[in-house]
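Each chain, letter by letter, is given below.
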Amino acid sequence: MLAVSGFFIIGILLYLVLTKKTSVHFALVVVPIVIALIAGFGFNELGEYMGDGLSGIAQTGIMLTFAVLFFGIMYDVGLFDPVIKGVIKYGGGDPLKIAVGTAVIAMVSHLDGSGASTFLITVSAMLPVYKALKMSPLTLAVIAALSAGTMNMAPWGGPTVRAASALEIDVIELYTPLIPVQIIGLLCVLLASFWLGKQERKRVGIQKDLPPEIKNAHEKDKDDRRYKMFIPNIIITVAVIVTLVTGVVPLAIHLS
């Protein structure tokens, strides 16, 4: 009965969200409660289940929220701009270099564990370049998806967080053995990007250079960035990632 109720919850959630009948948050809160009541559970039992569930995933949820906010701020102050500018400058009119550079940008921008921000940053930065070189936007989407999917194995990524919650173990304990696997996966993404870029180079050729308006596109937001703080920000970011991954201090202390 519990399994059947679970399948009903998932099915109804997917239907409501995909058909846009309700918001995601409304469906996630209301549907499980309604199905649980229909299945015969009382409000007192639901309260206990909710409390146990929240206490079990509190630190993991805080880590996910922290990662999104922290890396979002770092993007706003221009931490990732040098990477984007460097890729565009290095790639020039060569589709192969641009393809590999796209993978690097997507990997870096997915440090927050959010697929939405990854595609917003990567696509907005690289789509004009792809259009200028007459490269296929599908190549951009494939490379960004491969990079984001592999980077999503990070401790604050959705799959790792959900797996740790289901197994009831510390997320760092789960992630540490996966580090070599993720590194190999990222290397495979770079190889796949190299191959896709090579195919694009054969199809459209190599241009001498990109149009000036594309090369200088990121200069317009210069006043809103804090490039003088780039070195301190990169040090803080590296320290945060190392501390999160190694578990040197308890997660609650680290995120505070």
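Structural data are supplied above this passage.
## Looking at the overall build of the protein
Move 1: The helix and strand tally for the protein stands at 13 helices and zero strands.
Move 2: In sequence order, the secondary structure elements of the protein are arranged as α-α-α-α-α-α-α-α-α-α-α-α-α.
Move 3: Taken across its 256 residues, the protein has 37% of its residues classed as buried.
Move 4: Long-range contacts, defined here as pairs at least 24 residues apart, represent 69% of the contacts in the protein between residues at least 6 apart.
Move 5: Here the protein displays about 14,700 Å² of accessible surface, and carbon together with sulfur accounts for 70% of that area.

## Some words on the pattern of salt bridges
Move 1: Using the criterion set out here, one finds two salt bridges in the structure.
Move 2: Between Asp94 and Arg201 there is a salt bridge, and its shortest N-O distance comes to 2.7 Å. Highlighted residues: Asp94 in the loop between α4 (81-91) and α5 (95-109) and Arg201 in helix α10 (residues 179-204), separated in sequence by 107 residues.
Move 3: The exposure class of Arg201 is partly exposed, given its relative accessible area of 30%.

## So, the environment of Ile38
Move 1: Counting through the fold element by element, Ile38 comes out in helix α2 (residues 24-38).
Move 2: On the basis of relative accessible area, Ile38 is assigned to the exposed category, the value being 63%.

## A closer look at the packing of α5 against helix α7 (residues 137-151)
Move 1: For the pair α5 and α7, the least separation of the axes is 8 Å and the interaxial angle reads 40 degrees. Between α5 and α7, the interaxial angle falls into the category oblique. Seen from above, α5 lies across α7 with right-handed handedness. Across the interface between the two elements, Ala99, Thr102, Ala103, Ala106 and Met107 of α5 pack against Leu140, Ile143, Ala144, Ser147 and Met151 of α7.
Move 2: By residue class, the composition of the contact of α5 with α7 is eight nonpolar, two polar and no charged.

## Observations concerning the packing of aromatic side chains
Move 1: One pass over the full model with this rule turns up one aromatic pair.
Move 2: Their ring planes at 75 degrees and their centres at 5.8 Å tell us that Phe41 and Tyr49 sit as a pair that is edge-to-face.
Move 3: Positioned above the aromatic ring of Tyr90 is the side chain of Lys97, whose terminal nitrogen or guanidinium carbon lies 4.8 Å from the ring centre.

## Looking at helix α6 (residues 115-132)
Move 1: Here α6 contains 18 residues, and its C-alpha end-to-end distance of 25 Å stays within 8% of the 26 Å for a straight helix at 1.5 Å per residue.
Move 2: Residue Met126 marks the point of greatest curvature in α6, where the axis turns by about 35 degrees; the proline Pro128 follows within four residues.
Move 3: Where α6 is concerned, the buried positions are Ser117, Thr118, Ile121, Thr122, Ala125, Met126, Val129 and Tyr130.
Move 4: The first or second residue beyond α6 is Lys134, which carries a positive phi of 60 degrees.

Quick notes on the rules
- Residues numbered from 1 in each chain as written.
- Predicted model: local features only at pLDDT ≥ 70, side-chain atom pairs only at ≥ 80, totals over all residues.
- Heavy atoms only, no water.
- Helix = DSSP H or I, 4+ residues; strand = E, 2+ residues; numbered from the N terminus.
- Buried < 20%, exposed > 50% of the residue type's maximum accessible area, 1.4 Å probe, protein only.
- Contact = heavy atoms within 4.5 Å.
- Areas by Shrake-Rupley, 256 points an atom, 1.4 Å probe, with all protein chains shown as cover.
- Salt bridge = Lys/Arg side-chain N within 4 Å of Asp/Glu carboxyl O.
- Axes fitted to C-alpha atoms, helices over the stretch in contact; angles between N-to-C directions.
- Parallel < 35°, antiparallel > 145°, perpendicular 65-115°, else oblique.
- Left-handed = near helix turned anticlockwise from the far one by under 90°.
- Nonpolar A, V, L, I, M, F, W, Y, C, P; charged D, E, K, R; others polar.
- Phe/Tyr/Trp six-rings, centres within 6.5 Å; stacked < 30°, edge-to-face > 60°.
- Lys NZ or Arg CZ within 6 Å of the ring centre and 35° of its normal.
- Expected span 1.5 Å × (residues − 1).
- Bend = angle between axes of the 7 residues up to and from the residue.

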